[in-house]
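Inside the fold
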Amino acid sequence: MIKSILVPTDGSKHADKALELAGDIASKYGAAVHVLNVYGHRDEAQLRHLAESEHLADVDISSPGGALVTMPISVYEDMRRAENRGAMGVVYEKIGGVITNHAETVLKEHGVSKVDHEITNGDPAEQIVEHAAKYKADMIIMGSRGLSDLKGLLMGSVSHKVSNSAPCTVVVVK
């Protein structure tokens, strides 16, 4: 019997497919779903890409001075506070909140009543495996490709690392 499912998500299309499958399985078995968003150390360009992919920022390359980035004032204020402190954790957590709130909405639309989420920092594969043990997950359902860069292709994907070291069944969704 499946009682606990961990769904790591970065907001990508593959992660959304994993959420759909997790929602179907969890609703059938009455399982709890634990949504996990892991942010690693990213540079400014990666942060901008992540913000754009989550529709927290829009880029207009046709503006006279080059690219113009617009975003909600709350995200802008968080970024300014983070810059002033010399840390980007506030911004990552804001983006992670958008991602995990979306995940909870998708799961609840599938009839899942036991949903929680966590946003954390670190190596994604390590954090996923640690959280699978923490939640005593019977299953991890995750996307095969996320919002990572070329480095992931060269050093091995997160899903590959997780499937080789997780304490439970891992389902990788394409």
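Figured I'd write up the structure that's included with this text. The structure presented is a predicted model; accordingly, all values stated were derived computationally and were not measured.

With that settled, consider helix α5 (residues 124–134). Among all positions in α5, only Ala-125, Gln-127, Ile-128, Val-129, His-131 and Ala-132 are buried. The inward-facing, buried residues of α5 contact β1 (4–8), β2 (32–39), β5 (115–121), β6 (139–143) and α7 (158–165). Immediately downstream of α5, the backbone of Lys-136 shows phi near 50 degrees, a positive value.

With that out of the way, let us pick up the pattern of salt bridges. Note that side chains of opposite charge can pair when their charged atoms are close. Using the criterion set out here, one finds one salt bridge in the structure. Two residues, Lys-134 and Glu-118, come together in a salt bridge whose shortest N-O distance is 3.0 Å. With Lys-134 in helix α5 and Glu-118 in strand β5, this residue pair connects regions lying 16 residues apart in the sequence.

Time to look at the packing of α5 against α7. Axis separation between α5 and α7 bottoms out at 9 Å; the angle between their running directions is 35 degrees. In this structure, α5 meets α7 at a crossing whose hand is right-handed. Residues Pro-124, Ala-125, Ile-128 and Val-129 of α5 form the contact with α7, whose own contacting residues are Val-158, Lys-161, Val-162 and Ser-165. Classifying every residue of the contact of α5 with α7 gives six nonpolar, one polar and one charged.

So, about the pairing of β1. The element β1 is largely enclosed, with a buried count of five among its five residues. Taking every second residue as pointing to the same face, both faces of β1 are buried, with Ser-4, Leu-6 and Pro-8 on one and Ile-5 and Val-7 on the other. Inspection of the sheet shows β1 paired to β2 by five bridges, in the parallel sense. Note that in β2 the partner of Pro-8 across the bridge is Leu-36. This β-α-β element, β1 to helix α1 (residues 13–29) to β2, shows right-handed connectivity.

Cut-offs used in this document
Residues numbered from 1 in each chain as written. Predicted model: local features only at pLDDT ≥ 70, side-chain atom pairs only at ≥ 80, totals over all residues. Heavy atoms only, no water. Buried < 20%, exposed > 50% of the residue type's maximum accessible area, 1.4 Å probe, protein only. Helix = DSSP H or I, 4+ residues; strand = E, 2+ residues; numbered from the N terminus. Contact = heavy atoms within 4.5 Å. Salt bridge = Lys/Arg side-chain N within 4 Å of Asp/Glu carboxyl O. Axes fitted to C-alpha atoms, helices over the stretch in contact; angles between N-to-C directions. Left-handed = near helix turned anticlockwise from the far one by under 90°. Nonpolar A, V, L, I, M, F, W, Y, C, P; charged D, E, K, R; others polar. Pairing = 2+ DSSP bridges. Right-handed = clockwise from strand over helix to strand, strands pointing away.

Worth remembering: the numbers are spatial, not functional.
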